[in-house]
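The residues making up each chain are set out below.
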Amino acid sequence: MPGIDKLPIEETLEDSPQTRSLLSVFEEDTATISSYYNQLFQAMHRIYDAQNELSAATHLTSKLLKEYEKQRFPLGGDDEVMSSTLQQFAKVIDELSSCHAVLSTQLADAMMFPITQFKERDLKEILTLKEVFQISSDDHDTAINRYSRLSKKKENEKVKGEVMEDVYTSRKKQHQTMMHYFSALNTLQYKKKIALLEPLLGYMQAQISFFKLGSENLTQQWEDFLTNIGTSVQNVRREMDSEVDVMQQTIQDLEQASDLLYMPDPDPNKIPINRNLTRKAGYLNTRNKTGLVSSTWDRQYFFTQGGNLMSQSRGDVAGGLVMDIDNCSVMAVDCEDRRFCFQISAFDGKKVAILQAESRKDCEEWIATINNISKRIYLSENPEETAARVNQSALEAVTPSPSFQQRHESFRPSTQGRPRAGRTSSQSSAGSESPALSSLSLDSLVAPDTPIQFDIISPVSEEYATQAKSASQGRTNPFGESGESHSGDSEESILHQLFIVRFLGSMEVKATENADVIYETMRQILAARAIHNIFRMTESHLLVTCDCLKLIDPQTQVTRLRFPLSSVVLCASHQENKRLFGFVLQTAGGRVDGRPVTVCYIFESNNDGEKICDSVGLAKQIALHSEMDRKATQKQREMDKAKEKQQEELNKQKQIEKDLEEQSRLIAASSRPNPPAADGQFLVLSNSQSEDSDAGEEGRKRGESEA
């Protein structure tokens with residue numbers, strides 16, 4: 001017999017839309033079988049009725065033939081030949097009537113009984129199981145919805161226990177009913193063949209036994225054919241019995257193995273979390289906004305397909321695309337009315353999906369799976385092995401092995417008495433075996449036990465008290481920013497470039513000579529996030545200007561952090577993952593001893609990190625040229641002022657010389673004797689002339705002293 005398609009009993013607990021779609025195909029096939037076999041039953045019933053009618057008619061014919069001799073025909077006389085002939089016909093027909101009666105009995109047993117049993121027992125059993133399965137499925141959906149609406153707040157444990165028990169009971173009932181329903185549908189594929197062949201076999205055997213008296217050759221021909229059919233029927237019956245035994249054993253094994261999975265929130269100690277998945281499927285609740293504040297939750301079947309997140313509702317033939325999760329960001333979020341929620345943000349930041357898992361284990365596995373897909377691990381040859389190696393590398397990055405520590409300590413005795421530059425050069429010359437330690441040691445890049453900051457702490461709260469004191473001098477806004485902001489500087493800047501970034505973390509570093517310090521900081525921050533399951537990242541807008549770098553809140557447009565461009569001493573992107581970049585910020589006077597504080601900030605961008613670094617470099621070049629132009633302009637102004645001052649000195653000197661000449665003339669005029677008047681009296685000088693003479697004398701003395 002050809003292979004028969006089966007419903008996968010192993011996937012009944014998952015109850016995926018694909019399984020439901022396959023179930024609908026089997027149900028449609030069952031409906032077709034039911035319609036066809038009803039018509040076949042009516043046709044065979046007509047044969048049976050016709051055979052009964054033929055048997056009764058034959059018997060009536062035989063009876064009528066026997067009564068022929070008792071008839072008195074007015075125009076006919078006694079015809080013994082006709083009577084004897086008719087009696088012989090009556091005898092033969094009577095025997096035929098007996099054969100037809102036997103044939104009717106055989107048709108009832110061999111033809112009508114199998115198809116009637118299939119119609120009344122097997123098909124009705126399928127319909128009953130279908131109704132029971134639909135009721136159990138609806139009860140399970142009701143229990144799940146009630147469980148999903150449980151609040152995060154501490155409630156009555158009795159209510160919570162009743163809800164969880166209801167979920168357990170309904171899920172177990174649905175699972176068991178679905179397995180028996182699938183088993184019955186699989187069995188139906190065999191029974192429909194038996195129900196079709198057995199009646200035909202009984203019909204043909206009855207007919208052959210009926211015609212066996214006069215058709216030996218025909219009987220032998222049909223017997224060979226019916227023997228083969230009978231053998232096939234027996235083989236199908238044995239195969240059906242074997243398959244029924246296998247399905248019953250599978251049902252028992254699945255019932256035992258699935259007992260822990262009936263609970264909506266299983267114990268993670270009994271069922272560990274798998275963080276190495278690159279494909280996952282299951283039911284999630286998705287939040288849909290219905291207004292500015294209100295929202296609804298819909299339960300759908302979600303699954304990953306390559307780098308896409310798909311969803312499918314019951315009854316749909318195929319799934320639809322939700323969003324592209326390549327290079328996306330995923331993190332756990334707190335929802336006011338739901339538990340076990342996480343958020344997925346697309347790479348461009350334009351699409352965000354908030355989903356709710358059924359349990360904490362399911363939530364963490366979804367986050368880990370989407371995070372692995374975001375890193376494009378699914379494109380490798382063995383995705384799960386690659387994901388396991390990546391997670392193991394993250395563990396080893398934060399917790400070095402003893403052999404690594406011994407290798408690291410082996411460098412120290414030979415370099416303790418040397419200065420820092422000499423130590424670096426000696427290691428680089430002898431570091432062919434360990435390239436990670438050849439350029440710079442870990443201690444020279446990042447101080448040991450340095451804390452990592454995973455979130456942006458805005459200085460608004462720290463400066464709020466100072467701004468409150470100076471409120472009378474400058475206006476402040478409700479967000480804590482001073483009215484004397486740097487917006488004017490930003491508006492005057494000739495460079496304005498905006499990038500969407502997500503803050504990964506920052507930590508204090510020691511070296512600022514090359515980009516190795518940024519790479520080491522990236523490694524430690526990413527490893528720490530992987531170890532501590534920190535997936536949440538703060539999204540901001542990075543504004544690059546010629547004066548500073550600003551982190552702006554995309555919702556409120558409030559400046560979270562401002563970095564003066566002069567303090568940015570280094571900027572670089574990751575060598576492999578170009579979306580990662582960082583810069584080193586050096587501030588003077590940050591410590592008590594007055595030494596500068598150097599902090600490395602690490603970000604993830606939607607664009608190429610090299611473009612952001614190039615933008616920062618361009619801003620520094622523009623700022624450098626602007627500073628050079630400003631200094632040249634200032635120097636030119638100083639030179640112009642010096643020339644003006646020199647010109648003023650010259651003008652002043654000329655005025656002094658002119659005054660001296662005037663004073664000398666006045667002195668010469670006053671030194672000459674006054675001629676007597678005509679009446680013999682002398683000329684008397686007025687007060688103004690005496691004052692002028694005194695002023696001229698003082699000017700002369702002053703000029704002599706200055707000379």
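You'll find the structure just up there.
Residues numbered from 1 in each chain as written. Predicted model: local features only at pLDDT ≥ 70, side-chain atom pairs only at ≥ 80, totals over all residues. Heavy atoms only, no water.

Asks: What am I meant to see in the pattern of salt bridges here?
Replies: Between side chains of opposite charge, a pair can form as their charged atoms come close. Considering all chains together, one arrives at 24 salt bridges under this definition. For Lys 124, the salt bridge goes to Glu 120, with nearest N and O atoms at 2.9 Å. Of this pair, Lys 124 and Glu 120 are both found in helix α2 (residues 80–148), 4 residues apart, which corresponds to roughly one turn of the helix. Across the pair Arg 630 and Glu 627 runs a salt bridge whose closest N-O atoms are separated by 2.2 Å. Highlighted residues: Arg 630 and Glu 627, both in helix α14 (residues 609–671), separated by 3 residues, approximately one helical turn. A network of salt bridges, in which partner residues are shared, links Asp 15, Arg 20, Asp 141 and Arg 314. (Salt bridge = Lys/Arg side-chain N within 4 Å of Asp/Glu carboxyl O. Helix = DSSP H or I, 4+ residues; strand = E, 2+ residues; numbered from the N terminus.)

Asks: Is there a simple way to think about the packing of aromatic side chains in this case?
Replies: For the structure on display, the rule yields 13 aromatic pairs. Aromatic side chains Tyr 283 and Tyr 301 sit 5.2 Å apart centroid to centroid with 75 degrees between the ring planes, which places their arrangement in the edge-to-face category. Placement of Tyr 283 in strand β1 (residues 281–289) and of Tyr 301 in strand β2 (residues 295–305) is noted, with a sequence separation of 18 residues between them. Their ring planes at 20 degrees and their centres at 5.6 Å tell us that Phe 581 and Phe 603 sit as a pair that is stacked. One end of the pair, Phe 581, is in strand β13 (residues 580–587); the other, Phe 603, is in strand β14 (residues 597–605), and 22 residues separate them in sequence. Of note, Lys 119 hangs over the ring of Phe 41, and the distance from its end group to the ring centre comes to 5.4 Å. (Phe/Tyr/Trp six-rings, centres within 6.5 Å; stacked < 30°, edge-to-face > 60°. Lys NZ or Arg CZ within 6 Å of the ring centre and 35° of its normal.)

Asks: Explain helix α13 (residues 516–531) to me, please; I cannot follow it from the model alone.
Replies: Because each turn of an α-helix spans 3.6 residues, side chains separated by three or four positions in sequence point in the same direction. Compared with an ideal rise of 1.5 Å per residue, which puts 16 residues at 22 Å, α13 spans 22 Å between its outermost C-alpha atoms and is within 8% of the ideal. Phi turns positive one or two residues past the end of α13, at Asn 533, with a value near 55 degrees. (Expected span 1.5 Å × (residues − 1).)

Asks: What should I look at first to understand the nonpolar core in this one?
Replies: Soluble globular proteins tend to pack their nonpolar side chains together in the buried interior. In terms of nonpolar packing, the biggest core is built from 35 residues, with Leu 309, Met 323, Ile 325, Phe 342, Ile 344 and Ile 370 touching the most fellow members. Where this core is concerned, the elements lending two or more residues are α2, α3 (157–211), β2, β4 (320–324), β5 (329–333), β6 (341–345), β7 (352–356) and α5 (360–374). Counting residues per element, this core draws most heavily on α5, at 5 residues. Excluding residues within four positions of it along the chain, Ile 370 makes contact with Ile 325, Cys 328, Val 330, Phe 342 and Ile 344. Counting residues in hydrophobic clusters, the runner-up holds 32 residues, among them Leu 23, Leu 40, Met 44 and Ile 126. (Core = buried A, V, L, I, M, F, W, Y, C linked by side-chain atoms within 4.5 Å. Buried < 20%, exposed > 50% of the residue type's maximum accessible area, 1.4 Å probe, protein only. Contact = heavy atoms within 4.5 Å.)

Asks: Teacher, can you tell me more about the packing of helix α1 (residues 17–66) against α3 here?
Replies: Pairs of packed helices are described in terms of their axes, by the angle between the two and the distance that separates them. The N-to-C vectors of α1 and α3 enclose an angle of 30 degrees; their axes lie 11 Å apart at closest approach. Considered as vectors, α1 and α3 are oriented roughly parallel to each other. Viewed along their axes, α1 and α3 form a crossing whose handedness is left-handed. Its residues placed into classes, the contact of α1 with α3 shows 18 nonpolar, 5 polar and 5 charged. (Axes fitted to C-alpha atoms, helices over the stretch in contact; angles between N-to-C directions. Parallel < 35°, antiparallel > 145°, perpendicular 65-115°, else oblique. Left-handed = near helix turned anticlockwise from the far one by under 90°. Nonpolar A, V, L, I, M, F, W, Y, C, P; charged D, E, K, R; others polar.)

Asks: I tried to follow the side chain of Asn 285 on my own but got confused; where do I start?
Replies: By secondary structure assignment, the location of Asn 285 is in strand β1. A residue is classified by how much of its surface remains accessible, and Asn 285, at 7% relative accessible area, is buried. Looking at Asn 285, its side chain comes within polar contact range of the side chain of Ser 148, at 3.4 Å. When residues no more than four places from it in sequence are discounted, the contact partners of Asn 285 are Ser 148, Trp 297, Asp 298, Arg 299, Arg 338, Ile 354, Leu 355 and Gln 356. (Polar contact = N/O pair within 3.5 Å; in protein donor to acceptor, adjacent residues only side chain to side chain.)

Asks: Quick question: what am I supposed to make of the pairing of strand β11 (residues 559–564) here?
Replies: If a strand is regular, its side chains alternate between the two faces of the sheet. Where strand β10 (residues 548–552) meets β11, 5 bridges bridge the pair, whose relative direction is antiparallel. From the neighbouring strand, Leu 549 faces β11, where its bridge partner is Phe 563. Count of turn residues in the β10/β11 antiparallel hairpin: 6 residues, of which Gln 557 carries a positive phi of about 60 degrees. (Pairing = 2+ DSSP bridges.)

Asks: Sorry if this is basic, but what is going on with the pairing of β14 here?
Replies: A large share of β14 lies buried, amounting to 9 of its 9 residues. Residues Val 597, Val 599, Tyr 601, Phe 603 and Ser 605 line one face of β14 and the alternating positions Thr 598, Cys 600, Ile 602 and Glu 604 line the opposite face, and both faces are buried. Relative to β14, strand β8 (residues 497–508) runs antiparallel, the two sharing 7 bridges. Its bridge partner lying in β14, Val 501 is registered against Ser 605. For β13 and β14, the ladder comprises 8 bridges, and the chain directions are antiparallel. Counterpart to Phe 583 in the pairing with β14 is Tyr 601.

Asks: What exactly am I supposed to notice about the sheet that holds β7 here?
Replies: Either a parallel or an antiparallel arrangement is found when strands of a sheet pair, and the pairing is made through backbone hydrogen bonds. The sheet built from 7 strands is open, its strands ordered β4-β3-β2-β1-β7-β6-β5 with antiparallel pairing. Single-partner strands in this sheet number two, and they are β4 and β5. Mean inter-strand twist for the sheet, computed between neighbouring axes without regard to direction, equals 40 degrees. Where β1 and β2 come together, 9 bridges link them in antiparallel fashion. Its bridge partner being in β2, Asn 285 is matched across the sheet by Arg 299. Sheet strands in contact with α5 are β1, β2, β3 (308–312), β5 and β6, and its direction is about 15 degrees off that of β6.

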